[in-house]
Amino acid sequence: MSRERFEDLVGEALDEVPAGLLRLMSNVVILVEDESPDGEAELLGLYEGHALTTRGWDYAGVLPDRILIFRNPILRICDTEVDVVDEIAITVVHEIAHHFGIDDERLHALGWG
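Conventions adopted
- Residues numbered from 1 in each chain as written.
- Predicted model: local features only at pLDDT ≥ 70, side-chain atom pairs only at ≥ 80, totals over all residues.
- Heavy atoms only, no water.
- Helix = DSSP H or I, 4+ residues; strand = E, 2+ residues; numbered from the N terminus.
- Contact = heavy atoms within 4.5 Å.
- Expected span 1.5 Å × (residues − 1).

Brief notes about the environment of V10
Mapped onto the elements of the fold, V10 is located in helix α1 (residues 3-15). Residues V10 and I69, 59 residues apart in the sequence, show an inter-C-alpha distance of 8.2 Å. If we ignore the near neighbours within four places in the chain, the residues touching V10 are I30, V32, I69, I88 and V92.

Concerning helix α4 (residues 81-99)
The first and last C-alpha atoms of α4 sit 27 Å apart over 19 residues, in line with the 27 Å expected at 1.5 Å per residue. Contacts from the buried residues of α4 go to α1, β1 (28-33), β2 (45-48), β3 (65-70), α3 (71-77) and α5 (104-109). Directly after α4, the chain includes G101, whose backbone phi takes a positive value near 90°.

Structure representation (structure tokens):
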């Protein structure tokens, strides 16, 4: 799958996130990268930044948080484009949840692991 098509699918997944929830997101950008970081387990997505729940009065002047969606790891575990669409949606929701301070343990309990 081309990078352009993959990025379109990420955009479509974001279109499915309720607008009210997206409006609550603050100082965050969502990017597509080809591979997860070297030296780490193969990740499908990664949230880098300060969750909304940890931002205090001194949170100012910082670069945007980043949600990274990793194209090749997702493509390696999926057999069909439908599988890719489903995995992107799960990964996008999972990483957005981290932005709101929800940890992996809770996400797994909710079925978004």
